[in-house]
Amino acid sequence: MLVRVWDAPTRLFHWALAFCFVGLVVTSQVGGMAMVWHFRFGYGVLTLLLFRMVWGLLGGHWSRFSTFVPSPSGLWRYLQGRGQAPECVGHNPLGALSVLAMLLFLFMQVASGLMSDDEIATAGPLVRLVSSSWVSNATYYHKDIGKLILLGLVVLHLAAIAFYHFRKQENLVKPMITGDKSLASLAQGARDGWPERRRATLIFLLCAAAVSSAVIALNG
């Protein structure tokens with residue numbers, strides 16, 4: 001049976017984040033004037049992350065942290081092949097950990113980028129507010145550590161999608177497009193009506209306003 005697992009705001013968040021991530025990688029390699037867009041994509045990622053934090057509390061059932069963050073016992077059962085059906089409706093325990101890792105390292109990458117300085121033409125808006133040692137460490141992490149960690153997480157994410165598609169005959173991409181997942185047993189569906197979508201739009205606009213205001217104040 002088809003169950004609405006991923007609400008529209010969660011799906012839009014996922015694809016917008018993927019788009020911004022690709023933009024960040026491309027602009028970081030091009031450099032020069034492309035760094036203007038690198039910062040814009042970074043601010044976009046920060047806005048999306050703030051939205052996801054709030055939506056993880058107020059969003060659809062399977063988008064909430066309370067429903068997909070695994071307990072130690074749930075993770076252990078899954079690793080032993082004894083995972084229970086409700087634990088795998090949205091993200092399975094390992095998938096949930098990868099999502100949390102992605103969100104954490106994206107936050108760290110954005111934060112370090114705000115404090116980075118290439119000592120040529122580009123500096124984050126927080127550079128003048130922190131010590132030189134913080135700037136040096138943040139720049140090193142942003143360029144040489146954080147980027148590689150995120151690329152590794154993305155590769156693992158894509159590898160997991162391929163594994164489920166070819167070995168388990170389960171399409172993980174389609175539900176993130178349509179929102180619906182085919183399940184063998186009845187499960188609670190996520191609310192995905194216009195009231196929820198209007199609430200998500202308001203939350204996103206507030207997050208965008210907060211990031212924009214902060215950036216303007218720091219650069220002013």
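So, how was this worked out
- Numbering of residues starts from 1 in every chain and runs along the sequence as written.
- In view of the model being predicted, local features appear only for residues whose pLDDT reaches at least 70, and side-chain atom pairs are presented and counted only at 80 or more, with totals across whole chains, interfaces and linings using the full set of residues.
- Side-chain metrics rest on all non-hydrogen atoms present in the structure, leaving aside hydrogens and water.
- The way it works is that DSSP assigns letters per residue, a run of H or I at least four long becomes a helix, a run of E at least two long becomes a strand, and they are numbered from the N terminus.
- For the radius of gyration, the atoms used are the C-alpha atoms, and the globule rule reads 2.2 Å times the number of residues raised to 0.38.
- Between buried and exposed lies partly exposed: a residue is buried under 20% and exposed over 50% of the maximum accessible area for its type, with that area taken using a 1.4 Å probe on protein chains only.
- Throughout, a residue-residue contact means that at least one pair of heavy atoms, one from each residue, lies within 4.5 Å.
- Residues scored as charged are limited to Lys and Arg (positive) and Asp and Glu (negative), so that His and the chain ends carry no count.
- Charge positions are represented by NZ for Lys, CZ for Arg, CG for Asp and CD for Glu.
- Each aromatic pair joins two rings of Phe, Tyr and Trp (for Trp, the six-membered one) with centres within 6.5 Å, and gets the label stacked for planes under 30 degrees apart, edge-to-face for over 60, and tilted for any other angle.
- In this analysis an axis means a line fitted to C-alpha atoms, helices contributing only their contacting stretch, and an angle means the value between N-to-C directions, from 0 to 180 degrees.
- Each angle gets one of four labels, with under 35 degrees taken as roughly parallel, over 145 as roughly antiparallel, 65 to 115 as roughly perpendicular, and the rest as oblique.
- The hand of a helix crossing depends on one turn: near helix anticlockwise from the far one by less than a right angle means left-handed, and clockwise means right-handed.
- When residue character is reported, Ala, Val, Leu, Ile, Met, Phe, Trp, Tyr, Cys and Pro are called nonpolar, Asp, Glu, Lys and Arg charged, and the others, Gly included, polar.
- Just to be clear on terms, a salt bridge is a Lys or Arg side-chain nitrogen sitting within 4 Å of an Asp or Glu carboxyl oxygen.

**Student:** Help me out: how do you make sense of the overall build of the protein in this one?
**Tutor:** Along the protein, the regular secondary structure elements total eight helices and two strands. Going residue by residue from the N terminus, the α and β elements of the protein occur as β-α-α-α-α-α-α-α-β-α. Over its C-alpha atoms the protein spans a radius of gyration of 19 Å, differing by no more than 12% from the 17 Å that the globule rule assigns to 220 residues. Dimensions of the protein, computed from C-alpha atoms along their principal axes, come out at roughly 60 × 40 × 30 Å. Counting over 220 residues, the protein shows a buried share of 38%. Across the protein, every contact between residues at least 6 apart in sequence was considered, and the portion connecting residues at least 24 apart equals 70%. Across the protein, the centroid of the 18 positively charged side chains sits 8 Å from that of the 10 negatively charged ones.

**Student:** I would appreciate a short explanation of the packing of aromatic side chains in the present structure.
**Tutor:** We describe a pair of aromatic rings using the distance from one ring centre to the other and the angle between the two ring planes. Applying the stated criterion across every chain yields a total of seven aromatic pairs. Summarising the aromatic geometry, the rings of Trp-37 and Phe-41 are spaced 6.0 Å apart at their centres and angled 45 degrees between planes, so their arrangement reads as tilted. Placement of both Trp-37 and Phe-41 in helix α2 (residues 34–58) is noted, with a separation of four residues, approximately one turn of the helix. Residue classification places Trp-37 among the partly exposed residues on the basis of a relative accessible area of 48%. Its relative accessible area of 14% is what places Phe-41 among the buried residues.

**Student:** Help me understand the packing of α2 against helix α5 (residues 93–114), please; the structure alone is not making it clear to me.
**Tutor:** To describe two helices that pack against each other, one gives the angle between their axes and the distance between the axes. At a minimum axis distance of 10 Å, the contact between α2 and α5 shows a crossing angle of 140 degrees. Considered as vectors, α2 and α5 are oriented oblique to each other. Our pair here, α2 against α5, has a crossing hand that is left-handed. Contact with α2, carried on its side by Phe-39, Gly-42, Tyr-43, Val-45, Leu-46, Leu-49, Leu-50, Arg-52 and Met-53, involves Leu-103, Leu-106, Phe-107, Val-110, Gly-113 and Leu-114 of α5 and no other residues of that element. Across the contact of α2 with α5, the residue classes break down as 12 nonpolar, two polar and one charged.

**Student:** Help me understand the side chain of Glu-196 in this model?
**Tutor:** Position of Glu-196 among the secondary structure elements: in helix α8 (residues 194–219). As a buried residue without a salt bridge, Glu-196 has its nearest oppositely charged side chain in Arg-191, at a separation of 4.7 Å.

From the geometry alone we can't say anything about function, so treat these as descriptive.
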